[in-house]
Amino acid sequence: MGRPALLLLALCAAGARGLYFHIGETEKRCFIEEIPDETMVIGNYRTQMWDKQKEVFLPSTPGLGMHVEVKDPEGKVVLSRQYGSEGRFTFTSHMPGDHQICLHSNSTRMALFAGGRLRVHLDIQVGEHANNYPEIAAKDKLTELQLRARQLLDQVEQIQKEQDYQRYREERFRLTSESTNQRVLWWSIAQTAILLLTGIWQMRHLKSFFEAKKLV
């Protein structure tokens, strides 16, 4: 497998983002997503295959699939599954931090794709943006006012999760800064001690030299 290309996607207020990218036969493309604790994430994707004769991207054949793997900040696998040429994956974060989302094709099963290119359209939705509110309204038989209240409650909950995540990041940054400052302090003390010991040694060496030459 080729070396993964990492793209940083910062968590933003919109909570949803769409993009497309190109991958080769053996490429893996990875994305870093900052996700708060206990937050649902939904990814929708579709693939297009490059047609060399028509020189255009066409919808992929059903036999071409995508493998999706998600790892949490500690490197533990949250999701690892094979999907079709178009699909949807869902997972819930169990700890805050950077989650790695990787996709690659099962091109070994598709001889026609060998040496070709694949365009992948990816849409990632985080938090309340991952909820399908029309489906929720139909399932729970909610009025328009009740649905709006549900959306507001979900938004407040997501804001609370994001605030908790920011406090978590600030705490980690504070601990890192304190650790760095402590290391700098000890390194400065060590440097000072080395300089003092070197000076004392040089003075004793010079004194011994002058005594041997009977200059003092």
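Bear in mind the structure is a predicted one, so any value in this text is a computation, not a measurement. (Residues numbered from 1 in each chain as written. Predicted model: local features only at pLDDT ≥ 70, side-chain atom pairs only at ≥ 80, totals over all residues. Heavy atoms only, no water.)

A. Geometry of the pattern of salt bridges. Inspection of every chain in the model, using the stated rule, returns 6 salt bridges. Across the salt bridge formed by Arg174 and Glu171, the nearest N and O atoms sit 2.5 Å from each other. You can see Arg174 and its partner Glu171 sitting in helix 2 (residues 144-212), 3 residues apart, about one turn around the helix. What makes Arg174 partly exposed here is its relative accessible area of 37%. The partner of Arg174 in a salt bridge is Glu178, and the shortest N-O contact between them spans 2.6 Å. Here the residue Arg174 and the residue Glu178 both occupy positions in helix 2, the gap between them amounting to 4 residues, near one helical turn. (Salt bridge = Lys/Arg side-chain N within 4 Å of Asp/Glu carboxyl O. Helix = DSSP H or I, 4+ residues; strand = E, 2+ residues; numbered from the N terminus. Buried < 20%, exposed > 50% of the residue type's maximum accessible area, 1.4 Å probe, protein only.)

B. Spatial organisation of a nonpolar patch on the surface. On the surface, Leu185, Trp186 and Ile189 cluster together into a nonpolar patch covering about 330 Å² of accessible area. Residue position: Leu185 is located in helix 2. (Patch = residues over 30% accessible without salt bridge, like charges linked within 9 Å, V, L, I, M, F, W, Y side chains within 5 Å. Areas by Shrake-Rupley, 256 points an atom, 1.4 Å probe, with all protein chains shown as cover.)

C. Representation of the pairing of strand 10 (residues 118-126) within the structure. By the criterion of burial, strand 10 is predominantly enclosed, with 7 of the 9 residues buried. Pairing geometry for strand 4 (residues 40-51) and strand 10, over 9 bridges, is antiparallel. Looking at strand 10, one finds that Asn44 is bridged to Asp123. (Pairing = 2+ DSSP bridges.)

Geometric descriptors of this kind do not, in isolation, establish any biological role.
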